[in-house]
Structure formats: structure tokens, C-alpha cells
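Secondary and tertiary structure notes
Each chain, written out:
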Amino acid sequence: MQKEKYFCQTTYSTVKIEESKIVSFNKIDHTSTSFRVYKDGFVGVHYQQGKMSDKEGYALAEKNLELQRPYPFKLEGGKRSRDKKRKLLSDSELMSKTKSILSYLTKTYPDFIYSGTVYAQNETNTQKNSAGMDYSTSDGHNGLEISFKHKKSKDIYNGYFSVNLRNWSTKTIKGIADNYLANYSTKVKFPKDCIIMMPTWELTGMLKQSLNAETLALGTSLLSGKVGEKVFSDKLTVSHNVSDSKMWMNTFWDADGIVHKGDKLTFISKGKILRGYADKRIAEKYKVECTGSAWHDYQDIPKNGWMNCTLKDTGKSPKEILQEAGKQYAILPLLFSGGGFKEDGTYAMPVQASYLTDGEKILGLLPPFTMRSNMFDMFGKDFLGSSKITKIWNKGMILVKMERGKL
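These lines cover the structure that appears in this document, whether it is placed above or below. (Residues numbered from 1 in each chain as written. Predicted model: local features only at pLDDT ≥ 70, side-chain atom pairs only at ≥ 80, totals over all residues. Heavy atoms only, no water.)

**Topic: the overall build of the chain**
From N to C terminus, the chain includes eight helices and 23 strands. The globule rule puts the C-alpha radius of gyration for 407 residues at 22 Å, and the 23 Å found for the chain is close to it. Projected onto the principal axes, the alpha-carbon positions of the chain cover approximately 70 × 55 × 35 Å. Per-residue burial over the chain gives 51% buried out of 407 residues. Taking as baseline every contact in the chain between residues at least 6 positions apart, the subset at least 24 positions apart corresponds to 70%. Accessible surface, the chain as shown: approximately 19,300 Å² in total, 48% of it carbon and sulfur. For the chain, the distance from the average site of its 62 positive side-chain charges to the average site of its 44 negative ones is 5 Å. (Helix = DSSP H or I, 4+ residues; strand = E, 2+ residues; numbered from the N terminus. Rg over C-alpha atoms; globule rule 2.2 N^0.38 Å. Buried < 20%, exposed > 50% of the residue type's maximum accessible area, 1.4 Å probe, protein only. Contact = heavy atoms within 4.5 Å. Areas by Shrake-Rupley, 256 points an atom, 1.4 Å probe, with all protein chains shown as cover. Lys, Arg positive; Asp, Glu negative; His and termini not counted. Charge placed at Lys NZ, Arg CZ, Asp CG, Glu CD.)

Here it is, written out as C-alpha cells:
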């Protein structure tokens, strides 16, 4: 009988803001452990919140072998540790920074009412087993999420911005706030072309879903039968990437204990589909390549789907991507809901509020509209590229041409 333990410890401090006032402080110190024992092709699992001795935890896990959860795979070994933490704010520093930012917002932009949270999070994950595995990773960040409402508006709120930084930078946060708030009252017209600019994760959900090796094998993925074919733009390369430069609050190993060479595995290269993602269970069931894609289920066997869908950036800023395409403006959706992808890959989304931008600065507020496309055009002929992370947006941006309709 072999043993294994997942462990996660999280501390999360938050200062809550409502109607431009600090209303509460909250601090969470949370510990989770998954005790696991393996015998005769089955795994017994005991999930524990809070502290518990190994003796008691493994005894309860062994008792749960009677549930006969199948796990007929060899445990992996290996030793490695990674620490990406930088300067995490103390609780007193967090309160002080919140007061400072809130004072800046209310004095510089008094026409708005602000709500949201300012927070500091630290997390450590480990996985150890009797086959010799001893992996650990730590990461942490400071951040804020601020929604704003113009005092003359009848809406619940009119927009929001968020920032996450391993090292707190008041200058960076003020710069982002200035960009979002300074030209809110400037009304502008739509540009000729509807170039949408959004954080990459806002548009990649269906693409990631379509790379699931199980649905590829069952013929229920939009990409079924297309592995090995060039489907998308030369500009599109998609990987699972948890290397030092790309990793954010993540492990470098999957729940089956697999570590990728260079902490990276590519699924789409220059528009060509290379593979779908599969953990050990899915790989064996459908006789496909195991890509080390199991996420940690603390209460059950590992599940397929640990793939962070990182788009290779162009090394260019959003403005440089626009210039390369011969365009001057993009549209940054600010509030959008009520739409999404359909099962055939078509995409439609009502946009209640959006900004016009030249890729560097917000120029003014646009009227409501509906943006439309489909997954194959979005990442094919209409894909302008994925930008590098720039300070003013604090995240990588995807730029895609879409159709604009009335709302």
C-alpha cells in the first residue's frame, strides 16, 4: 500500500469598500489536506479542512478504500520546490494602502462612487508520496478590484478595473485608475472597424474546451477530426505554460505527478492542432497521448482539465499590434453579459458599456452594441494577435476583429 498527501495553505486578507467607504476587514487562514492511500488499483481518499495528524488522516483514507475509487496508475516521484512570492502587504499595510487609494480616487474623480476589495493573498501547495515525490510551490500577490458608478447614473455600477501585483505599486494602480476614469464622460463614435480588445481569458473558454482529448475522441468537440491540421491563424500558438515567467498562483506539476519539460507543453502551434489535453485516466481510456493535465480534486480521483491555455504573445503592445494591422482604434468592452459561445462555435455578446482606445489610452465612452463572431474566425482570419503585458493594462490583451450589431 502506498500513501500520498496533497496540502494547501492559503492566507487571504481583504479590505472591503462600499459607497466609497471602508466597511470591513476580513482575514482567512485556510488549510486543506487530502490523505490518499493506494492498494490493488484503488485509492482511498480523506479530505480534511483544518489540521489533522497523518496517522488519523491516512487511517480514514484507508477505510475509504472500500468505496473502490479506481486509480490503477503508478505513482510518480521527483523533488523540487519553487517560491514566487515577493513583497506581500501586512494587514496594517493593506489597510493603509486602501485608505491611500480610496482618498486618491474620491479626490481626483469625485463624480464616482466606488465599491470593491483590496486584498493580499498567499498560497502554498505541496504534494508528497511514498514513491519519493516531494513537490512544493508558493506564490502570493496584492491586488484590488474596484467597480465605479457615476453619481448621475441610474445603473448599479458603470464599470470596473482590477490589478494584481506580486509587488504593490501605487503608481501603477493610479495610472490604471486614471486611464479608466479620466475620459468616462467623453462620448465618442464607433470606429470604422470593430476591433475588440480584451484580456485573453475572456475569449479563450471555448477554445480550451474544444481541446479536451475526451470530447475530441468522442466527436463532440468543435476540433474533432482536426488534430494534425492547420485550423487557425499563424499568429495563434496555445500552450499550457507554468514556467517561471508565466506561472501565476499555480503548481508546476499535475495531480498525477507529471512535470512538463520546461514547465510547458504546446497544444496549438501557429494555427496547427497538435494534441488535446488528457490526464492518465483519459489517455488510457481513449488510447491518446497523456499530457499531464490532471487537476487536484482533494475529495476524489484526479480530473482531466489542468491546462491554463496560455497564448504566445507577439512581443508587441496593443497599440503596436493595431499599427501593424493598419488600424488606429480598438474597443474595450467594460460591461458585457447575456451572451457567449453556442455549441457550434458562434459567439454573440451584448456590450452594455465599452471604451474606445488607441491601445494605450482610453479615449471615451461608446454606445451599447452587440459583438458577434465565431471561434474559427476569431482565432483565424480575424485574429490580430495577443499582446505582451503592458503596465497600463497590467495584463496581456487579445485583439480580434468582430461584427458590430445593434443592441
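More follows now that the structure is in view.
**Quick word on the packing of aromatic side chains**
We describe a pair of aromatic rings using the distance from one ring centre to the other and the angle between the two ring planes. Under the definition given, this model contains 24 aromatic pairs. Here the aromatic rings of Phe161 and Tyr180 are separated by 5.7 Å at their centres, their planes lie at 35°, and the arrangement is tilted. Of this pair, Phe161 sits in strand S8 (residues 159-165) while Tyr180 sits in helix H3 (residues 170-181), placing them 19 residues apart in sequence. Taken individually, Phe161 and Tyr180 each receive the classification buried, so the pair is uniform in this respect. Between Phe341 and Tyr347, the ring centres sit 4.7 Å apart and the planes meet at 50°, which makes this aromatic pair tilted. A relative accessible area of 23% means that Phe341 is categorised as partly exposed. Here Tyr347 falls in the buried class, since its relative accessible area comes to 4%. Put simply, the rings of Phe112, Tyr114, Phe148, Phe161, Tyr180, Tyr184, Tyr355 and Trp393 touch in pairs and so form one group of aromatic residues. A cation over an aromatic ring shows up here: Lys187 above the ring of Tyr184, its NZ or CZ 5.8 Å from the ring centre. (Phe/Tyr/Trp six-rings, centres within 6.5 Å; stacked < 30°, edge-to-face > 60°. Lys NZ or Arg CZ within 6 Å of the ring centre and 35° of its normal.)

**Describing the nonpolar core**
Counting residues in each nonpolar core, the largest one holds 41 residues, and the members touching the most others are Tyr114, Leu144, Phe148, Phe161, Tyr180, Leu181 and Tyr355. Here the element with the most residues in this core is H3; it accounts for five residues. Phe232, Leu265, Phe267 and Met307 belong to the second-largest nonpolar core, a separate cluster that totals 37 residues. (Core = buried A, V, L, I, M, F, W, Y, C linked by side-chain atoms within 4.5 Å.)

**Digging into the side chain of Asn304**
With respect to the secondary-structure elements, Asn304 resides in strand S14 (residues 303-304). Owing to a relative accessible area of 14%, Asn304 belongs among the buried residues under this scheme. One polar contact links the side chain of Asn304 to the main-chain carbonyl oxygen of Tyr277, over a distance of 3.3 Å. Within the structure, Asn304 has its side chain in polar contact with the backbone nitrogen of Asp279 (distance 3.0 Å). In contact with Asn304, other than residues within four places in its own chain, are Asn212, Tyr277, Ala278, Asp279, Arg281, Ile282, Ser293 and Trp295. (Polar contact = N/O pair within 3.5 Å; in protein donor to acceptor, adjacent residues only side chain to side chain.)

**A short note on the sheet that holds strand S15 (residues 310-311)**
Ordered in space as S12-S11-S10-S15, the four strands form an open sheet in which the pairing is antiparallel. The outermost strands of the open sheet, each flanked by one partner alone, are strand S12 (272-273) and S15. Taken together, the two bridges between strand S10 (residues 238-241) and S15 define a ladder with antiparallel strand orientation. Counted as the bridge partner of Val238 is Leu311 from S15. (Pairing = 2+ DSSP bridges.)

**Remarks on the environment of Lys272**
As for its placement among the helices and strands, Lys272 is situated in strand S12. Distance in space between the C-alpha atoms of Lys272 and Lys226 is 8.8 Å, their sequence separation being 46 residues. In this view, Lys272 contacts Gly228, Glu229, Lys230 and Phe267; residues no more than four positions away in its chain are not counted.

**As for helix H1 (residues 54-63)**
Those residues of H1 lying buried are Gly57, Tyr58 and Ala61. For H1, the arc enclosing every buried residue in end-on projection is 90°, short of the 170-degree limit, so these residues lie on one face. Across from the buried face of H1, at angles greater than 90 degrees, the exposed residues are Lys55 and Lys63. (Arc of directions from axis to C-beta.)

**Examining the pairing of strand S16 (residues 330-336)**
Of all seven residues making up S16, six are buried, and the element is well covered by its neighbours. With six bridges connecting them, S16 and strand S18 (residues 346-357) associate as antiparallel partners. Within the sheet, the bridge partner assigned to Leu335 lies in S18 and is Ala353.

**Quick word on the pattern of salt bridges**
If you walk through the whole model with that rule in mind, you get 23 salt bridges. Across the pair Asp244 and Arg82 runs a salt bridge whose closest N-O atoms are separated by 2.8 Å. With Asp244 in the loop between S10 and strand S11 (264-269) and Arg82 in strand S5 (residues 78-83), this residue pair connects regions lying 162 residues apart in the sequence. A relative accessible area of 7% means that Arg82 is categorised as buried. One salt bridge connects Asp193 with Lys327, and the closest N-O pair in it is separated by 2.9 Å. Residue Asp193 is found in the loop between H3 and strand S9 (195-199), and its partner Lys327 is found in the loop between helix H7 (318-324) and S16; the two are separated by 134 residues along the sequence. For Lys327, a relative accessible area of 25% translates into the label partly exposed. It is possible to trace a salt-bridge network through shared partners that takes in Arg69, Asp297, Asp300 and Lys303. (Salt bridge = Lys/Arg side-chain N within 4 Å of Asp/Glu carboxyl O.)

Any link to function would need more than the numbers given here.
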